[in-house]
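So the chains spell out like this:
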Amino acid sequence: MTSRRSAGQRGDVALTVVGAAALAALAAGIAAAAWKLSPWPSALIVRSVFERDGARVLKALRAHSPGGVDRATGIQYRPRDPHALLDVYWSAGTSAPRPTVIWTHGGAWISGGRANAAPYFELLAAAGFTVVSLDYTRGPASRYPGALHQLNDAHAYLVAHAAELHVDADRIVLAGDSAGAQLSSQLATAITDPTYAAQLGIRPGLAAHRLRGVILHCGIYEMSGLLHSTGIIGWGNRTALRAYVGGLRFAMSPALAEMSMMHRATAAFPPTFISGGNGDPLTDAQAKPFADRLVSLGVDVTRLFWPHDHEPALPHEYQFDLDRPEGLAALSVAIDFVRRHTV
């Protein structure tokens, strides 16, 4: 049967289409205005996505909790700073200081928390280490380099309170995932390069001889590379950078170069374990080039990467998926790395 519409009906359809387009344009205009006024709305959207994923990861990790691990949680490492908290994990019955892994969480500098991977830290503790997980003030509530100074103060606190926290202050490994890997690599550079530390205005909380190694998962080491992404990932990257670095002209900020260890790391950079999944765009763009850069400097580098055609493709933060053999392999390599470099 042939359907016929009157001119009035056709007009109604046209008006509906025009109205939908107008509403879409209005929504886009509101979003653009909100972007100019404040980084908060967009940052909160990105944060909610990360938090949903973080809850899923934590739920899966709980099945691997080893038991037999004690902890002290919510320790304030900086006076009058409610965000400056840390958790400590150690094997039950531990009395002597243990080689210590200090972990800085990821979340694009604007999300995440110290307890997001608690069962993973328990597994590291069960392997014979003390594990410390750090919080810091996330963007946009704090702008760069606020988190860097907080984390540096956390290092100093751990040295000062080493005995009571089962920390061996002379056998420290810094570790981090995603944005936490960037932060850990930046602090490792400051600890081992006095000129760079002075540029940052930081007096390192860890002396260079105390730092035995660095574990970097799925990190960012050339900040300008994040600006080249397109689509929803590109929008998320720009949102995170604006929230953390600050200002509408964040892409022109000298902070991006200051945060990029691809060009700042020196031959004094500590032995490094670096890894990333083959399905994570950051692996080819960031992790592998940084590993090559460190090797060119003469740094002792342990790599764990996967063939491009590896199936299933391993996503960003694959190392926390202990239901897969690749995640278990990354954990095993990390444990072996800490043991080798803290003897």
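Residues numbered from 1 in each chain as written. Predicted model: local features only at pLDDT ≥ 70, side-chain atom pairs only at ≥ 80, totals over all residues. Heavy atoms only, no water.

**Some points on the sheet that holds strand β5 (residues 167-177)**
Spatial ordering of the open sheet is given by β1-β2-β4-β3-β5-β6-β7-β8, a layout of eight strands whose pairing is mixed. Single-partner strands in this sheet number two, and they are β1 (69-76) and β8 (301-304). The average angle at which neighbouring strand axes cross in this sheet is 15°, direction not considered. Bridge analysis of strand β6 (residues 211-217) against strand β7 (residues 272-275) gives four bridges, and the strand direction is parallel. Paired with V214 across the strands is T272, a residue of β7. Contacts from helix α3 (residues 118-126) reach β1, β2 (85-91), β3 (98-104), β4 (130-134) and β6, with the element oriented near 40° to β2. Sheet contacts for helix α11 (residues 325-341): β3, β5, β6, β7 and β8; angle to β6, the most-contacted strand, approximately 165°. (Pairing = 2+ DSSP bridges. Helix = DSSP H or I, 4+ residues; strand = E, 2+ residues; numbered from the N terminus. Axes fitted to C-alpha atoms, helices over the stretch in contact; angles between N-to-C directions. Contact = heavy atoms within 4.5 Å.)

**A short note on the nonpolar core**
Most often, soluble globular proteins keep nonpolar side chains buried together rather than apart. Ranked by internal contacts, the top residues of the largest apolar core, which has 69 residues, are L86, W109, L174, I274 and F290. Residue contributions to this core peak at seven residues, all from helix α5 (residues 179-192). Residues V57, V101, A127 and L331 belong to the second largest nonpolar core, which totals 33 residues. (Core = buried A, V, L, I, M, F, W, Y, C linked by side-chain atoms within 4.5 Å. Buried < 20%, exposed > 50% of the residue type's maximum accessible area, 1.4 Å probe, protein only.)

**What to know about the pattern of salt bridges**
Summed over the entire model, instances satisfying the criterion amount to 13 salt bridges. Of the charged contacts in the structure, one is a salt bridge between E51 and R138, with a shortest N-O distance of 3.8 Å. Taken together, the residues span a long stretch of sequence, with E51 in helix α2 (residues 40-62) and R138 in the loop between β4 and α4 (146-160) at a distance of 87 residues. Among the residues examined, E51 registers a relative accessible area of 44% and is labelled partly exposed. Between D53 and R56 there is a salt bridge; the shortest N-O distance is 2.5 Å. Of the two residues, D53 and R56 both sit in helix α2, three residues apart, roughly one turn of that helix. (Salt bridge = Lys/Arg side-chain N within 4 Å of Asp/Glu carboxyl O.)

**With respect to the packing of α2 against α3**
Geometrically, a packed helix pair is captured by the angle between its two axes and the distance between the axes. Interaxial distance between α2 and α3 falls to 8 Å at its minimum, and their mutual angle equals 40°. With respect to their mutual orientation, α2 and α3 come out oblique. Where α2 abuts α3, its residues L58, L61 and R62 lie against A118, P119 and Y120. Counted by class, the contact of α2 with α3 contains five nonpolar, no polar and one charged residues. (Parallel < 35°, antiparallel > 145°, perpendicular 65-115°, else oblique. Nonpolar A, V, L, I, M, F, W, Y, C, P; charged D, E, K, R; others polar.)

**Observations regarding the environment of T73**
Turning to its location among the elements, T73 is positioned in strand β1. Each C-alpha atom, one on T73 and one on V132, is 9.7 Å from the other, the two residues being 59 residues apart in sequence. Apart from the residues lying within four places of it in its own chain, the contact partners of T73 are L86 and D87.

**Side note on unusual backbone geometry**
The omega torsion of the bond from Y144 to P145 falls at 5°, within 30 degrees of zero and hence cis. A cis amide bond links E311 with the next residue in sequence, P312, at an omega value of -5°. Even without being a glycine, W109 presents a positive backbone phi close to 70°. Note on placement: W109 falls in the loop between β3 and α3. Judged by relative accessible area, which is 2%, W109 ranks as buried. Look at H166: it is not a glycine, yet its phi comes out positive at around 65°. Of note, H166 is situated in the loop between α4 and β5.

**Re the environment of A268**
Relative to the elements of secondary structure, A268 occurs in the loop between α9 (261-264) and β7. Residues A268 and L297 lie 29 residues apart in sequence; the distance between their C-alpha atoms is 8.5 Å.

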